[in-house]
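Coordinates in review
Below, each chain spelled out in residue letters.
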Amino acid sequence: MAPSAAQRIIIENCAIATVDADDTEYATGHVVVAGNIIESIGAGKAPEGLENVVRRVDGTGHLVTPGLVNTHHHFYQWITRGLATDHNLFNWLVALYPTWARIDAPMLAAATQGSLGMMVRGGVTTASDHHYVFPQGSGDLVAAELAAAAEIGARITLARGSMDRSEKDGGLPPDFAVETTEGALLATEEAVDKHHDASFGSMVHISVAPCSPFSVSTELLREGAVLARCRGVRMHTHGSETVEEEKFCHELFGMGPTDYFESTGWLGDDVWMAHCVHMNDSDIAAFARTGTGVAHCPSSNARLAAGIARVPDMLAAGVPVGLGVDGTASNESGELHTELRNALLINRLGAHREAALNARKALRLGTYGGAQVLGRTAEIGSLEAGKLADLVLWKLDGLGHSSIADPVTALVFGAAAPITLSLVGGKPVVEDNHLTNVDEDAIARTARAEAQRLARIAAEG
């Protein structure tokens, strides 16, 4: 609970979609924020006589929702956007790994602010980044990313990735871009011990995140699972993204990706995987049985021609599913609110699928579903008294949404909605569609310069 002397922000006269267990909505309601938590929420005006009110927002023409939760990203890719635009996943990786292998700490800091800034400006309040490229001599990349993210003001789950299977071992990354198995485990353990904060309202979580079946050894997966469970942190990787990955697993391990992951300890309610496009009924049942979560990345899956994940079937089976932007080299827009719409539309493709997803299910994927796969539903993902004040005030009375009566439909089906106010723990991170804590133009200039520097270094070999 917030202390009685906490400063209060009142938002009223707005539509509210709480995304709680009952999908409670208010056509006209209020939210009272006290310190970093939601003190009250309900229909009509805020209670009279509240003390220490430092701000009162008239939300007429707006919809309040929980902040969006991004469950999968690769921030570093912000400085390699627009490349290899007509490739499938494996060819795209082969084309870009030689460039990514030259990344250093200043590049990652710039890319983090570009990636995270774009998401936050579009309604994200919590973001997970899967960073797995640690070239030799690149500096302290974990510290660089976290420092850059702190300036933006969003919550971060940094999935400390790793690769130990390079070209010489039949993998895709260049030899100098991977770590040894022992080195990767030690560095991951150090990141967890130094940066993970499990307290209520934490701004930084660290998870253990070997990259993918085709870029890490079985030993790294198994030992990574042991490390994560010893330290009490979550686990993340890529899974079942392409038919090529399915073939790779059968050829190398004699089984499909899901069975392989289960054999290495990588199914469980402390695990979430990105993509999960090529899942059969048995795979979905295994995820449901174990509580393994999924980060659904519809735009990236389409960009790389990976296929359509069976999200409605996963949800029906009880699999936790959230949304992910994925890296901005495979989703150049870099915005999660567009994934609400794309998830709905892509999952309706095919005959008689007009009800596969609807607007409210899409919003739930992007909020509560994301909190679920990141293990933070006690804190975020829905608007409820006692939860963290991570929320977004979407402006829906302009031209783009003027003739759509239902505000949730307007948000999901309509054009990208402007944001009047976004709070993380009661602190503004967006006002009037602009980031509040950083200079957006400066971020753009720095990212452009670092992208050019990376391109020069890569060209020099």
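For the structure itself, consult the block above.
To start, this report covers the structure provided alongside it. (Residues numbered from 1 in each chain as written. Predicted model: local features only at pLDDT ≥ 70, side-chain atom pairs only at ≥ 80, totals over all residues. Heavy atoms only, no water.)

Some details on the packing of aromatic side chains
- This structure, assessed with the given rule, holds 9 aromatic pairs.
- Look at F248 and F253: their rings are 6.2 Å apart centre to centre, the planes differ by 75°, and that puts the pair in the edge-to-face class.
- What makes F253 buried here is its relative accessible area of 17%.
- Ring centres of Y260 and F261 lie 6.2 Å apart, and the angle between their planes is 40°; this geometry places the pair in the tilted category.
- Residue classification places Y260 among the buried positions, given a relative accessible area of 2%.
- Judged by its relative accessible area of 1%, F261 falls in the buried class.
- Geometry around W78 places R81 over its ring, the cationic atom sitting 3.8 Å from the centre. (Phe/Tyr/Trp six-rings, centres within 6.5 Å; stacked < 30°, edge-to-face > 60°. Buried < 20%, exposed > 50% of the residue type's maximum accessible area, 1.4 Å probe, protein only. Lys NZ or Arg CZ within 6 Å of the ring centre and 35° of its normal.)

A few points about the state of the cysteines
- Applying the stated criterion to the full structure yields 0 disulfides.
- There is no disulfide at C297, and the cysteine sulfur nearest it, in C276, is 9.3 Å away. (Disulfide = S-S within 2.5 Å.)

Regarding the pairing of strand 5 (residues 62-66)
- Most of strand 5 is tucked away: 5 of the 5 residues are buried.
- Sheet analysis places strand 5 next to strand 14 (residues 391-395), joined by 5 bridges and oriented antiparallel. Considered in strand 14, the bridge of L63 is made with W394. (Helix = DSSP H or I, 4+ residues; strand = E, 2+ residues; numbered from the N terminus. Pairing = 2+ DSSP bridges.)

Points about the nonpolar core
- Of all hydrophobic cores here, the largest spans 110 residues; its most connected members are W92, W100, L116 and M314.
- If sequence neighbours within four positions are ignored, W92 has contacts with Q77, L83, A84, H87, W100, R303, L304, A329 and S330.
- Within the second largest apolar cluster, 16 residues are counted, among which are I11, V57, A389 and L391. (Core = buried A, V, L, I, M, F, W, Y, C linked by side-chain atoms within 4.5 Å. Contact = heavy atoms within 4.5 Å.)

Some remarks on the pattern of salt bridges
- The full count for this structure, using the stated rule, is 22 salt bridges.
- Where R160 meets E179, a salt bridge forms, and the shortest distance between an N and an O atom there is 2.9 Å. Residue R160 is located in strand 8 (residues 155-162), and its partner E179 is located in the loop between strand 8 and helix 4 (181-195); the two are separated by 19 residues in the primary sequence.
- The class for R160 is buried, based on a relative accessible area of 4%.
- A salt bridge links R310 to D281; its shortest N-O distance comes to 2.6 Å. On the criterion of sequence distance, the pair formed by R310 in the loop between helix 9 (298-303) and helix 10 (311-317) and D281 in helix 8 (residues 281-290) is long-range, its members being 29 residues apart.
- The class for R310 is partly exposed, based on a relative accessible area of 26%.
- Taken together, the shared-partner salt bridges in this structure form one network comprising E25, R360 and D406. (Salt bridge = Lys/Arg side-chain N within 4 Å of Asp/Glu carboxyl O.)

Quick look at the packing of helix 2 (residues 105-121) against helix 14 (residues 440-460)
- Relative orientation of the contacting elements helix 2 and helix 14 amounts to 135°, with a least axis distance of 9 Å. Between helix 2 and helix 14, the crossing angle belongs to the class labelled oblique. Where helix 2 crosses over helix 14, the two elements pack in a sense that is left-handed. Residues P106, M107, A110, Q113, G114 and R121 of helix 2 form the contact with helix 14, whose own contacting residues are E440, I443, T446, A447, E450, R453, L454 and I457. (Axes fitted to C-alpha atoms, helices over the stretch in contact; angles between N-to-C directions. Parallel < 35°, antiparallel > 145°, perpendicular 65-115°, else oblique. Left-handed = near helix turned anticlockwise from the far one by under 90°.)

Describing the layout of surface pockets
- Approximately 300 Å³ is the volume found for the largest pocket.
- In terms of lining, the largest pocket is formed by 16 residues, of which the most central are W78, R81, G114, I443 and A444.
- Taken together, the elements giving at least two residues each to the lining of the largest pocket come down to helix 2 and helix 14.
- Among the elements that take part in the lining of the largest pocket, helix 14 stands out by supplying 6 residues, more than any other. (1 Å grid on protein atoms, 1.4 Å probe; cavity = no way out; pocket = protein on both sides within 12 Å on 5 of 7 lines; lining within 4 Å. Points joined across faces, edges and corners; volume = space filled by probe spheres on them.)

A word on helix 2
- Over its 17 residues, helix 2 runs 24 Å from end to end, which matches the ideal 24 Å to within 8%, given 1.5 Å per residue.
- Taken across its 17 residues, helix 2 has 13 buried, putting it largely inside the fold.
- Directly beyond the C-terminal end of helix 2, a positive phi value near 105° is found at G123. (Expected span 1.5 Å × (residues − 1).)

What to know about helix 6 (residues 243-253)
- Along helix 6, the positions that sit buried rather than exposed are E245, F248, C249 and F253. Buried residues along helix 6 cover an arc of 95° about the axis, so they all sit on one side. Exposed residues on helix 6 whose side chains face more than 90 degrees from its buried face are K247 and E251.
- Of the surrounding secondary structure, the elements contacted by the buried residues of helix 6 are helix 1 (89-100), helix 5 (218-231), strand 10 (235-239) and helix 7 (257-263).
- Residue G254 follows helix 6 closely and has a positive phi angle near 75°. (Arc of directions from axis to C-beta.)

Let's talk about the environment of L172
- Inspection of the secondary structure puts L172 in the loop between strand 8 and helix 4.
- You can call L172 buried: its relative accessible area is 19%.
- For the pair L172 and V94, spaced 78 residues apart in the sequence, the C-alpha separation amounts to 6.3 Å.
- Those residues within four positions of L172 in sequence are excluded, and the remaining contacts are F90, L93, V94, Y97, R165, E167 and F214.

A short note on empty space enclosed by the protein
- Following the criterion strictly, the structure yields 3 cavities of 30 Å³ or more and no others.
- Each pocket or cavity is described by its volume, and for the largest cavity that value is around 130 Å³.
- The biggest single contributor to the lining of the largest cavity is helix 1, with 4 residues.
- A class-by-class count of the residues in the lining of the largest cavity yields 8 nonpolar, 6 polar and 2 charged.
- One number sums up the size of the second largest cavity: a volume of about 50 Å³.
- Lining the second largest cavity are A17, T18, V19, D23, T24, E25, R360 and L363.
- For the lining of the second largest cavity, the residue count by class is 3 nonpolar, 2 polar and 3 charged. (Nonpolar A, V, L, I, M, F, W, Y, C, P; charged D, E, K, R; others polar.)

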